[in-house]
Amino acid sequence: MSENTHLHEEPSYLVDTGKRKGILAWLTTIDHKRIALLYLWSIMVFFIVGGILGETMRTELYKPGQQFYGPQTYNAIFTLHGLIMIFLIVIPGLTVVFGNFVMPIMIGANDVAFPRLNLFTWYLYILGAAIVVVSQFTGDGPPDTGWTFYAPYSTQTPLLPWAIYATAWIQILATPVIGITLLMIIAERTFHIGFFDPALGGDPVLYQHLFWIYSHPAVYIMILPAMGVITEIIPTFCQKQIYGYKAIAISSLAIAGVGYFVWGHHMFTSGMSKEAIWLFSILTFLVAVPSAIKVFNWVATMYKGSIDLKPPLLYAIAFIFLFMIGGFTGLVQGALATDIQVHDTAFIVAHFHYIIFGGVGFAFLGAIHYWYPKMFGRMYSNRIANIAWGFLFAGFNLLYFPQFIIGLEGMPRRYFDYLPQFTTAQQISTWGGYILAIGMIIMIVNLFRKKGEKATANPWGGKTLEWTLPSPPPMENFTTPPVVPEKPYNYD
Amino acid sequence: MNTGASNFVEGVDWVFKLLFGISAFFLIVITAMMIFFVIRYNRKRHPKAVQIKDNMALEITWITIPVIIVLFLFYYGFSAFQPMIWVPKDAMKVKVIGKMWQWSFEYPGNKVADTLVLPLNRPVKLDLVSVDVIHGFSIPAFRVKEDVVPGKNNYMWFTPQQTGNFEIFCTAYCGVRHSYMGTKVRVVTPRQYDQWLASVKVASEEPGGLQVLKKNACTGCHSLDGSKLVSASFKGLYGKTETVVTNGTERKVKVDDEYITTSIYEPDKDLVSGYSKGIMKSYKGIVKEDEAKMIIEYLKTLK
Ligand code: HEC
Ligand SMILES: [Cu+2]
Ligand SMILES: [Cu+2]
């Protein structure tokens, strides 16, 4: 293959070669690889903030009653935790970091189509994030509505944060439905036009529809790149062609397609028409099928492979396991009779953390461990990475699994306080949260020790184009056009 | 006759068992396969991978099986849900009123209680009414839950089949005291129920001021018995000296008619020291002037 498509003397993208040096060179870069790292650092900072917020909630919930902050603070914190995690990390996460870093190389390009726009988007992202943070300290304190901002409760919070939020999210996402919905809330507050507030002749359930029409597909926007990462990692560490390439590709499209029509399953108890309910239920069940197909294909790829259980593969296997639990508990919500019981309880909290953290999050960590040598030109310690993985996996399950159980028993979500019978489970969760945090710290330290040996161009034996470049790649990816193999994942 | 705490328990739990059974089966089999492959085809033992061609028949099988399973699960989920929609004609009716952050239950004859008391084995329909934001009415032991949406006539029904006390939670996030918006349902024998109902005061027998406080859910934040909720209790409030912040400067005032009236209509003007603005909203246009007077008269009696 094209191992020598460029000269080895060429400096790597991590070395400043332009007029500007240091931090300035980074802030004005239009190189897709550097922009990817800008995103990686910012996402890491936000993740640490969001994570600390989460840990304070777990600590507050250690016992019934108030530990160290009151309900108003708790409500503001779970709102902020959700906003940061969903909008600043999970939705953009994989796409902006790894999409930016590897996609152009994978398709044999030297950069993205609009490099300046690419940098500009990062500035918008930072601006949006800054505005979110600032709006926490304006008006009469942070909003406490939960990240779903259900009306009419949400229309009673101060106006300024709303206006700011709306702008910020529209900038970040440019997504019409949510944008329009937020505008409607603002119009309602400012001009007293009744959309959602029954006192003004509106329909509060309409808001929920509009919210979930956007937000449920958003869950698939989050999970699809994660599935893409898994589909990269498994073939490499099994040295095998991905099984059912076509089925995997079609499943992605099917998930995206059907995913647009299942939003109603968030609202089975809202009193919506009983005829609409069964349609949403059946569609929710059907959207599970393409996900199941992907799982079968991943596992089939491992069959008769030559399996090297390196950290990226460990994360991929953890992803499959946790994603299955998330998926199966999703079926509980698709089934009408059982959804009534678990709706708005800790069960839902557990379910979406299994999908979003166990799924998207573990895929992200797998991706970091997979492309790390390429990004930084260095290896990390496999042993420490495995230990960190152990803490993360154990901590994660201890943290979220008990929430399924108390959810089934009726413990509602977004509760600052709870009845004594839920104490044991809450305490296990809190310990799990701490173990998870320890795992995160070990993992981050391992990646930033800067002691690892130099990485070769292709440490894992990958077959995609990024592994034909040296680690780290030069500023201009390809000096001569690469030879693209006729078929991806070709291990023949 | 089934044995759950309500008529829905058996049906719903059966669907739970079905779902968890099938899930556990697939979870264990697939996980075991992954672990087996990792060991059996480890690179040390199996240095060269065997490339396998896609097999159409296999893929069609594993598309068809999940489709059949999910359709089957949908059917069971739906049929256990179906009876929750159709309310029997002879169901007794209770109106459930959700208000930040208290539930109250209105029985025929204008009798109002703050726990839900129900007779055993008699179907009951609950009409769910909210006067402010969306709340969620949930009785986990009965496997029922429905949102309480302002302006919508949501409802639920069930037949209690066991005597005892069961928790009621608010499940839709509704503000500061969301997690405290709970009460109990007490299921008793029909005879005990009749006795209880006879002993419930008709709402209009309570002092007028108290009725106004309850109607506006002031009691969600201010207790009447000296305990601290969101804010100070009303007990012993009238006549005491309060430290307040007016336009940023702290001063002392005596709690009198005028002070209470200001507190109701412009709560942020004389802010009780130690609280932040905006927790209590203005009741201008909500509590009428004669109602405010009734509140004041009632507070005078809370020594
Ligand atoms: C959301 C919770 C909440 C509700 C509901 C509420 N209040 Fe308040 N109230 C507060 C808080 C917090 C304070 C203290 C801060 C302030 O002065 O605004 C307060 C202060 C007061 C005071 C002054 C108390 C003192 O210690 O000096 C009075 C009187 C009062 N409220 C009456 C009412 C009445 C009457 C209602 C119902 C019509 C009501 N409140 C509803 C939260 C609430
Ligand atoms: Cu409520
Ligand atoms: Cu609530």
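The model shown is predicted, which means the values in this text are computed figures rather than measured ones.

Conventions used here
- Residues numbered from 1 in each chain as written.
- Chains lettered and ligands numbered in written order.
- Predicted model: local features only at pLDDT ≥ 70, side-chain atom pairs only at ≥ 80, totals over all residues.
- Contact = placed C-beta atoms within 7 Å.
- Helix = DSSP H or I, 4+ residues; strand = E, 2+ residues; numbered from the N terminus.
- Nonpolar A, V, L, I, M, F, W, Y, C, P; charged D, E, K, R; others polar.
- Axes fitted to C-alpha atoms, helices over the stretch in contact; angles between N-to-C directions.
- Parallel < 35°, antiparallel > 145°, perpendicular 65-115°, else oblique.
- Left-handed = near helix turned anticlockwise from the far one by under 90°.
- Domains from an automatic or database assignment.
- Pairing = 2+ DSSP bridges.
- Near = placed C-beta within 6 Å.
- Buried ≥ 20, exposed ≤ 12 C-beta atoms within 10 Å, placed from the backbone.

Asks: I would appreciate a short explanation of the interface of chain A and chain B in the present structure.
Replies: Quite often, the size of an interface is put as the accessible area lost when its parts meet. Facing the 71 residues of chain A at the interface are 67 residues of chain B. Breaking the side of chain A that touches chain B down by element, the ones donating at least two residues are α3 (71-90), α8 (204-238), α10 (274-302), α11 (311-334) and α12 (336-342) of chain A. When residues in the side of chain A that touches chain B are grouped by element, the largest group, 14 residues, is from α10(A). The residue makeup of the side of chain A that touches chain B, split by class, is 43 nonpolar, 18 polar and 10 charged.

Asks: Quick question: what am I supposed to make of the packing of α11(A) against helix α13 (residues 346-376) of chain A here?
Replies: A pair of packed helices can be characterised by two numbers: the angle between their axes and the separation between those axes. Residues and elements named next belong to chain A. Direction vectors running N to C along α11 and α13 enclose 165 degrees, while the axes themselves pass 8 Å from each other. For the element pair α11 / α13, the angle class is roughly antiparallel. Considering only the axes of α11 and α13, their crossing is left-handed. Residue composition of the contact of α11 with α13, grouped by class: 15 nonpolar, nine polar and no charged.

Asks: Sorry if this is basic, but what is going on with the domain arrangement of chain B here?
Replies: Segmentation of chain B into domains returns domain 1 (9-84), domain 2 (92-203) and domain 3 (206-301). For domain 1 of chain B and domain 3 of chain B, the distance between their C-alpha centres works out to 60 Å.

Asks: What am I meant to see in the sheet that holds strand β2 (residues 102-107) of chain B here?
Replies: Each strand in a sheet pairs with another by means of backbone hydrogen bonds, the pair being arranged parallel or else antiparallel. Residues and elements named next belong to chain B. An order of β3-β2-β1-β5-β8 is seen for the five strands of this open sheet, with the pairing classed as mixed. At either margin of the open sheet sits one strand with a lone partner, and together these are β3 (111-113) and β8 (154-158). When strand polarity is set aside, the average angle formed by the axes of neighbouring strands in this sheet is 25 degrees. Direction of pairing for strand β1 (residues 92-99) relative to β2: antiparallel, over a ladder of five bridges. Across the sheet, Val-96 pairs through a bridge with Phe-105, a residue of β2.

Asks: Would you mind going over the site of ligand 1 with me for this structure?
Replies: Residue and element names in this part refer to chain B. Residues in close proximity to ligand 1 total 25 residues, the closest being Cys-218, Cys-221, Ser-231, Ser-263 and Met-280. Put simply, the parts of the chain that give the shell around ligand 1 at least two residues each are α5 (257-265) and β13 (270-272). Sorting elements by how many residues they give to the shell around ligand 1 places α5 first, with three residues. Tallied by class, residues from the shell around ligand 1 come to 18 nonpolar, five polar and two charged.

Asks: In this structure, what is going on with the pairing of β1(B)? I would like to understand it.
Replies: Here is the key point about a regular strand: its side chains alternate between the two faces of the sheet. Residues and elements named next belong to chain B. Relative to strand β5 (residues 124-130), β1 is paired through seven bridges, and the arrangement is parallel. Bridge pairing in β5 places Val-94 opposite Leu-126. Here β1 folds back onto β2, and the loop between the two strands holds two residues.

Asks: What exactly am I supposed to notice about the sheet that holds strand β10 (residues 183-188) of chain B here?
Replies: Residues and elements named next belong to chain B. Spatially, β4-β10-β9-β6-β7 is the arrangement adopted by the five strands of the open sheet, whose pairing is mixed. Two strands close off the open sheet at either side, each with one partner strand: β4 (116-119) and β7 (144-148). The mean angle between the axes of side-by-side strands here comes to 20 degrees, regardless of whether they run parallel or antiparallel. Relative to β10, strand β9 (residues 164-170) is paired through five bridges, and the arrangement is antiparallel. Looking at the pairing, Gly-164 lines up with Val-187 of β10. The strands touched by helix α3 (residues 190-199) are β4 and β10; relative to β4, the strand with the most contacts, the crossing angle is about 140 degrees.

Asks: I'm lost on unusual backbone geometry in this one. Help?
Replies: Generally, phi is negative for residues other than glycine and the peptide bonds are trans, each holding for most cases. Put simply, A:Ser471 and A:Pro472 share a cis peptide bond, and its omega is -10 degrees. By the secondary structure assignment, A:Pro472 is in the segment after α15 (423-448). Following B:Met100, the chain continues to B:Trp101 via a peptide bond in cis, the omega torsion being -5 degrees. The phi torsion at A:Lys304 lies on the positive side, around 60 degrees, for a residue other than glycine. Tracing the backbone through its elements, the reader meets A:Lys304 in the loop between α10 and α11. Judged by the 18 C-beta atoms lying within 10 Å of it, A:Lys304 falls in the partly exposed class. Despite not being glycine, B:Arg143 shows a phi value in the positive range, around 65 degrees. Of note, B:Arg143 is situated in the loop between β6 (135-139) and β7. On the basis of neighbour counts, which here come to 26 C-beta atoms within 10 Å, the residue B:Arg143 falls in the buried class.

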